[in-house]
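This is what each chain is made of:
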Amino acid sequence: MVNNSKFNKIIYFAFGLIMAFFVLFSLYFMTRYAYIIVFYTVEDGQHVYNPGSNGGGGSYKNQTLFRFFNRIFVANSEGQYAAKDGWGIDRLFADRDDFLNFIVDFRNELNSFNTALLWFGIVGLIMFAIMLIAGNHNRNVYYISNLIVGVICSLTMIIFGFILLIKNIQLIGRFNDDAKLWQAVSIAQQKGNDSAQTIYIDTYLSDNNPEKYYAGENNVNSTTLITTMIFMIISIGYSVFTLIHTIRKYFATKAHRKEILERAGVIA
């Protein structure tokens, strides 16, 4: 099977398809987490959070998020702000800006990982192109150049993949640690773009009714992150398979390679 030319082509073109998939997947990745966001400008290196407006004209829509913090978080005896009972939010904040900075930091982590996913796909396609140029996909006999190219390209994606996998697992942990907070923020920022919906959820904030506030927004979860982890494991596994195939084919064609080189006068 290792010397089957059709099988060989399938292996390498499947590698290219997997990497192309990651380029496309990176464009979808943030869809579920689009409203885990705080709009701000930067002045003198500091975040300046703009409350925006509900009725239009303002492009920054943080008013509902501000109201969420003001009505749900209450200062404790130590001066830290804790969410009221029933909201499922256990994290403490020093003040509203600390709350907003916490969201911004997580959003930046998600954006950074999303960019890394895109680069993973792009680098993978470059590795795929290099292997095609070297002829790894259609050569019946592998030479040392094919071995080096196949090993380096596969190892590059294995290492890159492991780095992203570790980061992905960390993001899953961060999301799950504060799942209700991210869901609450997403609702506030999404609904804050519609004045009617803003008034609607404002009622539940006033009534301290988390059950109705969270209703229908259960799609803000770690599913995309978990799916990404599965895709990363598959890509790493396939890169390992490609690496093994390259090494096996190099040694499987040893006799034929030696015969060709002897006829060419390269070796005695």
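Given the structure is predicted, the values throughout are model-derived calculations rather than measurements.

S.K.: What exactly am I supposed to notice about the side chain of Asn-62 here?
M.R.: Position of Asn-62 relative to the elements: it lies in the loop between strand S2 (46-49) and helix H2 (63-72). Asn-62 gets classed as buried once you look at its relative accessible area, which sits at 0%. Only 2.9 Å separates the side chain of Asn-62 from the side chain of Gln-189, close enough to count as a polar contact.

S.K.: What's the story with the pattern of salt bridges in this structure? I'm lost.
M.R.: Note that side chains of opposite charge can pair when their charged atoms are close. Under the definition given, this model contains five salt bridges. Ionic pairing is found between Arg-91 and Asp-178, a salt bridge with its closest N-O pair at 2.8 Å. Residue Arg-91 is found in the loop between strand S4 (81-83) and helix H3 (96-134), and its partner Asp-178 is found in the loop between helix H4 (144-177) and helix H5 (179-191); the two are separated by 87 residues along the sequence. Asp-178 sits in the buried class, given a relative accessible area of 6%. Between Arg-174 and Glu-109 there is a salt bridge, and its shortest N-O distance comes to 2.2 Å. Linking Arg-174 in helix H4 with Glu-109 in helix H3, this pair joins segments that are 65 residues apart in sequence. Here the salt bridges do not stand alone but share partners, grouping Arg-67, Arg-71 and Asp-202 into one network.

S.K.: Hey, could you run me through H2 in this one?
M.R.: Side chains three or four residues apart in an α-helix point the same way, a direct result of the helix having 3.6 residues per turn. The element H2 is extensively covered by neighbouring structure, given that seven of its ten residues are classed as buried. Turning to H2, its buried residues are Thr-64, Leu-65, Phe-66, Arg-67, Phe-68, Phe-69 and Ile-72.

S.K.: Where do I start with the confidence of the model for the chain in this structure?
M.R.: Any residue range with low pLDDT should be treated as having predicted coordinates unsuitable for detailed reading. Here the chain averages 88 in pLDDT, and 88% of its residues register 70 or above. Per-element mean pLDDT across the chain ranges from 75 in helix H9 (residues 254-263) up to 97 in H4. Throughout residues 54-60 the model reports pLDDT below 50, and contacts reaching past four residues in sequence, or to other chains, amount to 15 contacts.

S.K.: How do you make sense of the packing of helix H1 (residues 5-28) against helix H8 (residues 223-252) when you look at a structure like this?
M.R.: For any two helices packed against each other, the geometry comes down to the angle between their axes and how far apart the axes lie. Viewed as axis vectors pointing N to C, H1 and H8 meet at an angle of 155°, and their least axial separation amounts to 11 Å. Taken together, H1 and H8 sit at an angle that is classed as roughly antiparallel. For the pair H1 and H8, the crossing hand works out as left-handed. Its residues placed into classes, the contact of H1 with H8 shows 16 nonpolar, eight polar and one charged.

S.K.: Whenever I open this one, the packing of aromatic side chains confuses me. Can you help?
M.R.: Aromatic ring pairs are reported here in terms of the distance separating the ring centres and the angle at which the planes meet. Across all of its chains, the model carries 29 aromatic pairs by this definition. Seen from their ring centres, Phe-21 and Phe-25 are 5.7 Å apart, and the 20° between their planes marks the pair as stacked. Of this pair, Phe-21 and Phe-25 both sit in helix H1, separated by four residues, roughly a single helical turn. Taking relative accessible area as the criterion, Phe-25 reaches 8% and is therefore assigned buried. Taken together, a centroid distance of 5.0 Å and an interplanar angle of 20° make the contact between Phe-69 and Phe-73 stacked. Grouped by ring-pair contacts, the aromatic residues Phe-68, Phe-69, Phe-73, Tyr-81, Trp-87, Phe-93, Phe-99, Phe-102, Phe-106, Trp-182, Tyr-213 and Tyr-214 constitute a single cluster.

S.K.: Would you mind going over the nonpolar core with me for this structure?
M.R.: Note that soluble globular proteins tend to have their nonpolar side chains buried in a common cluster. The biggest cluster of nonpolar side chains holds 68 residues, and the ones touching the most others in it are Phe-68, Phe-73, Phe-99 and Tyr-213. For this core, the secondary structure elements donating two or more residues are H1, H2, H3, H4, H5, helix H6 (195-206), helix H7 (210-214) and H8. By residue number, the principal contributor to this core is H3, which donates 16 residues.

S.K.: Looking at this model, I keep getting lost on the pairing of strand S1 (residues 40-43). Mind explaining?
M.R.: Note on strand geometry: in a regular strand, side chains alternate between the two faces of the sheet. Strand direction decides the pairing type here: S1 and S2, joined by four bridges, are antiparallel. When the sheet's bridge partners are listed, Glu-43 is paired in S2 with Gln-46. Adjacent in sequence and paired antiparallel, S1 and S2 are bridged by two residues, among which Asp-44 carries a positive phi angle near 55°.

What counts as what
Residues numbered from 1 in each chain as written. Predicted model: local features only at pLDDT ≥ 70, side-chain atom pairs only at ≥ 80, totals over all residues. Heavy atoms only, no water. Helix = DSSP H or I, 4+ residues; strand = E, 2+ residues; numbered from the N terminus. Buried < 20%, exposed > 50% of the residue type's maximum accessible area, 1.4 Å probe, protein only. Polar contact = N/O pair within 3.5 Å; in protein donor to acceptor, adjacent residues only side chain to side chain. Salt bridge = Lys/Arg side-chain N within 4 Å of Asp/Glu carboxyl O. pLDDT = per-residue confidence, 0-100. Contact = heavy atoms within 4.5 Å. Axes fitted to C-alpha atoms, helices over the stretch in contact; angles between N-to-C directions. Parallel < 35°, antiparallel > 145°, perpendicular 65-115°, else oblique. Left-handed = near helix turned anticlockwise from the far one by under 90°. Nonpolar A, V, L, I, M, F, W, Y, C, P; charged D, E, K, R; others polar. Phe/Tyr/Trp six-rings, centres within 6.5 Å; stacked < 30°, edge-to-face > 60°. Core = buried A, V, L, I, M, F, W, Y, C linked by side-chain atoms within 4.5 Å. Pairing = 2+ DSSP bridges.

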